[in-house]
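Inside the fold
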Amino acid sequence: WKGTFVFAALSIMQIHFNSINGDETQHFLYLKFRFATWRDTLMMVVGSLCALIHGSASPLMLLVYSMMTNTFVTYELEVQELKDPNKECINNTIHWTNGSIYETTDNTTVSCGVDIEAQMTMFAYYYIGIGLGVLIVSYFQIVFWVSAAARQTQKIRKTYFRKVMQMEIGWFDCNSVGELNTRISDDINKINNAIADQVSIFIERISTFVFGFMVGFIGGWKLTLVVIAVSPLIGIAAGLMAMAVARLTGRELTAYAKAGAVADEVLSSIRTVAAFGGEEREAERYDRNLIEAQNWGVKKGSIIGVFQGYLWCIIFLCYALAFWYGSKLVIDTKELTPGSLIQVFFGVLMAAMNLGQASPCLEAFASGRAAAKTIFETIDREPEINCFSDDGHKLDKVKGDLEFHNITFFYPSRPDVKILDNLNMQIKAGETTAFVGPSGSGKSTTIQLIQRFYDAEEGTVYLDGHDIRTLNIQWLRSLIGIVEQEPVLFATTIAENIRYGRPGVTTEEIIQAAKEANAYNFVMTLPQEFDTLVGEGGGQMSGGQKQRIAIARALIRNPKILLLDMATSALDNESEAVVQEALDNVRAGRTTISIAHRLSTIRNADVIVGFEHGRAVERGTHSELLEKQGVYFTLVTLQNQGSSNTPNGKTFEGYDYALSGTRLGFIQICQQVTEEGPEEHEEPAPVARILKYNRPEWPYMLLGSLGAAVNGSVNPIYAVLFSQILGTFAVQDLNQQREEINGICILFCIVAVISFFSQFLQGYAFAKSGELLTRRLRKVGFQAMLRQEIGWFDDPRNSPGALTTRLATDASMVQGATGSQIGMIVNSLTNIGASFIIAFYFSWKLTLVIMCFLPLIGLSGVFQAKMLTGFANEDKKSMEAAGQVSSEALGNIRTIAGLAKERSFVESYEQKLELPFKSAKKRANIYGLCFGFAQCVIFMAYAASFRYGGYLVRVEGLPYMLVFRVISAIVISGMALGRASSFTPDYAKAKIAAAQFFQLLDRVPKISINHTDGQKWEIFKGEIEFLNCKFTYPTRPDIQVLSGLVVSVKPGQTLAFVGSSGCGKSTSVQLLERFYDPDEGQVLIDGHPCHTVNVPFLRSQIGIVSQEPVLFDCSIAENIQYGDNTRTVAMEEVVEAAKKAHLHDFVMGLPNKYETQVGAQGSQLSRGQKQRIAIARAIVRNPKILLLDEATSALDTESEQTVQSALDEARKGRTCIVIAHRLSTIQNADIIAVMSQGVVIEQGTHGKLMAKKGAYYKLVTTGAPIS
């Protein structure tokens, strides 16, 4: 009666042991326990001994049970004899009343005088004794193993994290951070599961297996062999089922993973999907991928059904065989007593069952072993560049001369692409050297070689004439300050971030560094000044602010070598001027290397080195290189064409934030606040509503419930038949006895066949209805997500990751509340119902006594179930704090390596592990107690009920077979109760999941994208007017982004927005797209207020090219066709658009031309190529309004020229809004609007504004801040 695994896995064991044979086994044990100290080993040995003893308890109980059965049978025979008034009992033998000894037909005497109650009392004491023993040993077995495991896991975690932090950067290129994070959490948990309680339970079950067979052979070897002969049938079935299920689950998961990837991609780029009206198309694409998963799910259900049916069928046939043969041995050859028949049968049954239940433990071992392999491989790997090592020289005096000598280099993750090709160059101490060259020519790579993130394949890097490989790494990195293009800040305060630069700095030094980096003023304006939290990844700060904090962090190191990797490229003019000034101040007297695309930042460098194809092709000052007319010359002339009429070649840059929705994803600080908010109090959804979604499948549900009801009544029927067999042994007439036994065996066979069909029916029907429901819910849920307004996605609780997980898990959890769950409930209810009817019908008094123990037996059932799932979930929660440290550390490994801060992260991680470790040790005790209690309850129940049964047999003349019938019926129903209740957590979870789900379905989006809502009109002109718009982002209600924006643009005109970061340029574009609605004021389109306009209609008139274009993971052609989702775009149009976007020639140069896959997020293409595909996509749309949001800011000068001409082509005859960027792109705009703090401060043409000598003029001439 224990689950499915009955008898299972003789074969599984075989398979497993074969795979772990010989040296593997030693290796495997060493692997798992290699972190055990002698104390752990001692605990594990004692724990194993306890488990062995615990395992022998149940077979011991069988010996008592068999003696008890014999006692009952002899007593029953005696009672029957003494019914004859002529017989009486003298000196324990039956005499005739005349005093002569009574003999049966075959001349044997009949004993009598069984004092049934005294006997029963003795048996009760046996049971209690065994029970107490079990309580004690099972407690120790669990406590010792669990705490030993906790200590080892703790050690593994620390060692692993420390080792990972030592790895060279090249290793991180080849291992994704996500994967490492899962390894730290999940894989180590798997190892923990494999070396904790599972081992002791495994030992206990194997010991029961051995002792069970021993008891069987002691009782009677013939019957034991017969039963053993049948068991491989069951083992094979269980093995096949496990394999089939694993295979199918794998298939189902990969099929769903495809759909999950679609969902993730769509939700991550929701703005693009919304802008191009691709919602329906995406929902279809998602649904297509769900079908496959659904089919595998149904297959899995039916296969499980078949095997379950087969198992039960074999088990009942087994019963029939064993009882038939056993009764022959009892009646005909008298080799067995009735008691030993039971002993043999249950001994073998118990042995087989425990073997079956040992197999899930093997699964835990196998997955633990696999996990251990990867973890220990990492632990044993020697890093090529070990940052914790103390080897290497430390020079007394450092000048800062760098020399690259014949360097050839490939990234370890892309060994086929040569990045540096025989590079030679010298960098003199104290000079500022600038690296220029097209993207991908190896500029940033040289910087990483100086920091020794990588070692070159050939050639050497020298510092002051010493090969840097001979220098101490931590010391070398402490000489270097680096400011990157996208600086990484850690999720702590500003002061702490600066302090990361150098250990043990005073507050004064921090303030000094902040002043030098021009950061002091803006920090002091923040509410908490230096104690302001910067958010995860610095998400609360603007680009310029992050950049300046990073500079302060570099300066506080007082570095000999300063590396600036595009340190100002991500800033607008105002911030750039400030940051540039900070950098110029600090460069004095240091060796500085600066990489830049902007000429303004390079002009005043002492030496300029031009890169091309991984070589340094030219070096000299600005004027020398211009004469050479090489790489530098082309870059300069290209940039100057645009800015020839601006003084000193300043290029004008606006980098805006709000568009890169990425920032919002990072604000985990507000996430911590909001998550404690409304999420917690989910009202569980009414089941009726869940079932409504499953309504179309009602025939399946009905069939399934029928099957379940039949399955539920099988166990009670078994109790009746079993006790009936015991009863037959007390029948005196042998022929009648044989007939009864044959009848019962035939009944067993009938039950077997019925249960085969009903199990299959239940499995298949519920799988079918459940899978259909899951698919329906996922699709509906996904559509509901795509219906929401964009502001909803800004809420960190609705980040793409969270939503994808919700689709994956919530839907399948909801399935748990219907399908198989209903089956489980019906099954348990019929089981319990039938058992109680039987029990009360035959003896209500005994039933009441046993019922006192029912709650306890039920509880123990719950515990058994909980045991199988283990306590892993609680561990996960407590590990979260440590998880945050590790994921932040691994995600920003380059920054940490550059700052040589690995040690402090390792320490912080180890500190965060202390708490979970303590709680794990505490839990081991509670767990052990509960386990022990659960194990001994059943013994106590037996003691009480059989003792009382004996009393009833003597006093009330209750036939003993009814005692057995009642007790086994109730115990069986208790088990069922426990099993049913073990499903309740799933059920509660399902209801909460469903509630979240329905909350999503019921949410009314603030901006409806329904095709019927709002107006449409025939001739769309493209006139746009912003009237006094005020706006704040829903996630940051305290920051006013637009405060009264007034600007208008006539059809066909180009409007350019200029201004510093965060002044609301991109926000106005998002209002126009109706991603958001203004809090006050209106946006008018052709004179219609925009909130009255039909959203799909409006968006279909707008084409957008954004700064970081989002491409989908499909072919180039499909990405371009995405521009118009209302129809299928013909290939000719795609090519036409590609030609206009200057993309055609590049595509024709690719092997698969337009069918080339662009990779996830377009990762296979360069930025310029992605940008041009995005432009082609906007052109295919043939929009009336074109929005260009910094469409060329992220490109180097050559790509920019091509993209720019493509954009000029696209602007013809359309209303166009440009978010301005370099001056060259906006001088010819019809209206230039200068924005500051969410309002337009002046507008007009370039000429007018220059004449006005206002903010724009200042911006162009000096790059001074807009006040």
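To start, this report covers the structure provided alongside it. (Residues numbered from 1 in each chain as written. Predicted model: local features only at pLDDT ≥ 70, side-chain atom pairs only at ≥ 80, totals over all residues. Heavy atoms only, no water.)

A few points about the overall build of the protein
Short version of the rule: Counting from the N terminus, the helices are the DSSP runs of H or I reaching at least four residues and the strands are the DSSP runs of E reaching at least two. Residue exposure (1.4 Å probe, protein chains only): buried if accessible area is under 20% of the type maximum, exposed if over 50%, otherwise partly exposed. Here, residues are in contact when the closest pair of their heavy atoms is within 4.5 Å. Residue exposure ignores everything except the shown protein chains as possible cover, and the areas themselves are Shrake-Rupley values with a 1.4 Å probe.
A count of helical and extended segments in the protein gives 46 helices and 22 strands. Counting over 1267 residues, the protein shows a buried share of 57%. Sequence separation of 24 or more characterises 81% of the internal contacts of the protein that already satisfy a separation of 6 or more. For the protein, the accessible area works out to roughly 51000 Å², and carbon and sulfur atoms hold 58% of it.

Some thoughts on the sheet that holds strand β15 (residues 1054–1059)
Selection rule: We treat two strands as partners when DSSP finds at least two bridges between them. All axes here are fitted lines through C-alpha atoms, helices being fitted over the stretch that makes contact, and every angle between N-to-C directions spans 0 to 180 degrees.
Spatial ordering of the open sheet is given by β18-β19-β20-β15-β21-β22, a layout of six strands whose pairing is mixed. The two strands at the open ends of the sheet, each matched to only one other strand, are β18 (1102–1105) and β22 (1239–1244). Taking the axes of each pair of neighbouring strands and ignoring which way they run, one obtains an average angle of 20° across the sheet. Note: β15 against strand β21 (residues 1231–1236), five bridges, orientation parallel. Residue Leu 1055 lies in a different strand from β21, and its bridge partner there is Ile 1231. Most of the contacts of helix α37 (residues 1065–1072) go to strand β20 (residues 1215–1219), to which it runs at about 145°, and overall it touches β15, β18, β19 (1185–1189), β20 and β21. Its contacts with the sheet put helix α42 (residues 1167–1180) on β18 and β19, and the angle it makes with β18 is roughly 175°.

Describing the pairing of strand β8 (residues 480–483)
Side chains Ile 480 and Ile 482 of β8 all project onto a buried face; the interleaved residues Gly 481 and Val 483 project onto the opposite face, where all are buried too. Where β8 lies against strand β9 (residues 561–565), four bridges are found, and the strand directions are parallel. Its bridge partner lying in β9, Ile 480 is registered against Ile 561.

Some words on α37
Most of α37 is tucked away, with eight of its eight residues classed as buried. Where α37 is concerned, the buried positions are Lys 1065, Ser 1066, Thr 1067, Ser 1068, Val 1069, Gln 1070, Leu 1071 and Leu 1072. Where α37 terminates, the next one or two residues include Arg 1074, which has phi positive at roughly 60°.

With respect to the nonpolar core
Convention followed: Residues belong to one nonpolar core when they are buried, are Ala, Val, Leu, Ile, Met, Phe, Trp, Tyr or Cys, and are joined through side-chain atoms within 4.5 Å.
Core analysis: the biggest nonpolar cluster contains 91 residues, and Phe 72, Tyr 127, Phe 316, Tyr 319, Phe 748 and Phe 946 have the highest contact counts within it. Ignoring anything within four residues of it in the chain, the contact list for Tyr 127 reads Met 61, Val 64, Tyr 65, Met 68, Phe 939, Tyr 942, Ala 943 and Phe 946.

Observations regarding the packing of aromatic side chains
How we decide: Pairing of aromatic rings covers Phe, Tyr and Trp, the last through its six-membered ring, and needs centres within 6.5 Å; plane angles under 30 degrees mean stacked, over 60 mean edge-to-face, and all others mean tilted.
According to the stated counting rule, one finds 42 aromatic pairs in the structure shown. Between Phe 756 and Phe 757, the ring centres sit 5.3 Å apart and the planes meet at 75°, which makes this aromatic pair edge-to-face. With relative accessibility at 53%, the residue Phe 757 sits in the exposed group. With a centroid separation of 4.8 Å and an interplanar angle of 80°, the aromatic rings of Tyr 841 and Phe 842 are classed as edge-to-face.

Thoughts on the pattern of salt bridges
For the record, the criterion: Here, a salt bridge means any Lys or Arg side-chain nitrogen found within 4 Å of an Asp or Glu carboxyl oxygen.
A full pass over the atoms with the stated rule returns 22 salt bridges. For Glu 81, the salt bridge identified is with Lys 87, shortest N-O distance 2.8 Å. Here Arg 469 ties to Asp 467 by a salt bridge, and the two come within 3.6 Å at their closest N and O atoms. Here the residues in one salt-bridge network are Glu 284, Asp 287, Arg 775 and Lys 779, joined through shared partners.

Section: the sheet that holds β8
Across the sheet, six strands lie side by side as β8-β9-β10-β5-β11-β12; this open sheet has mixed pairing. Every interior strand has two partners, whereas the edge strands, β8 and β12 (615–620), have only one. When strand polarity is set aside, the average angle formed by the axes of neighbouring strands in this sheet is 20°. Direction of pairing for strand β5 (residues 432–436) relative to strand β11 (residues 607–612): parallel, over a ladder of four bridges. Note that in β11 the partner of Val 436 across the bridge is Gly 610. Against the sheet, helix α12 (residues 443–450) touches β5, β8, β9, β10 (591–595) and β11, its axis set at about 150° to β10.

Notes on the side chain of His 54
Under the convention used in this document: Counting of polar contacts relies on pairs of N or O atoms within 3.5 Å, with two restrictions inside protein: one atom must be capable of donating a hydrogen and the other of accepting it, and residues adjacent in sequence are counted only when both atoms are side-chain atoms.
With respect to the element layout, His 54 can be found in helix α3 (residues 38–82). Since its relative accessible area comes to 5%, His 54 is described here as buried. Looking at His 54, its side chain comes within polar contact range of the side chain of Gln 141, at 3.0 Å. If sequence neighbours within four positions are ignored, His 54 has contacts with Val 134, Val 137, Ser 138, Gln 141, Glu 204, Phe 931 and Gln 935.

Observations regarding the packing of α3 against helix α11 (residues 338–380)
Our working rule: Geometric relationships in this document are graded by angle, where less than 35 degrees denotes roughly parallel, more than 145 denotes roughly antiparallel, 65 to 115 denotes roughly perpendicular, and other angles denote oblique. Put simply, a crossing is left-handed when the front helix is turned counterclockwise from the back one by less than a right angle, and right-handed when it is turned clockwise. In this count, Pro and Cys sit with the nonpolar residues alongside Ala, Val, Leu, Ile, Met, Phe, Trp and Tyr, while Asp, Glu, Lys and Arg are called charged and the others, Gly among them, polar.
Running from N to C, α3 and α11 cross one another at 155°; their axes reach a closest spacing of 7 Å. It follows from the interaxial angle that α3 and α11 lie roughly antiparallel. Considering the relative orientation of α3 and α11, their crossing is right-handed. The residues of α11 that touch α3, namely those facing Ser 58, Pro 59, Leu 62, Leu 63, Tyr 65, Ser 66, Thr 69, Asn 70 and Val 73, are Pro 338, Gly 339, Ser 340, Ile 342, Gln 343, Phe 346, Gly 347 and Met 350. Looking at side-chain class alone, the contact of α3 with α11 contains nine nonpolar, eight polar and no charged residues.

Brief notes about unusual backbone geometry
For Lys 334, which is not glycine, the phi dihedral falls at a positive 55°. Topologically, Lys 334 is positioned in the loop between α10 (279–331) and α11. The class for Lys 334 is exposed, based on a relative accessible area of 61%. One non-glycine residue, Arg 1074, adopts positive backbone phi at about 60°. Tracing the backbone through its elements, the reader meets Arg 1074 in the loop between α37 and β16 (1080–1085).

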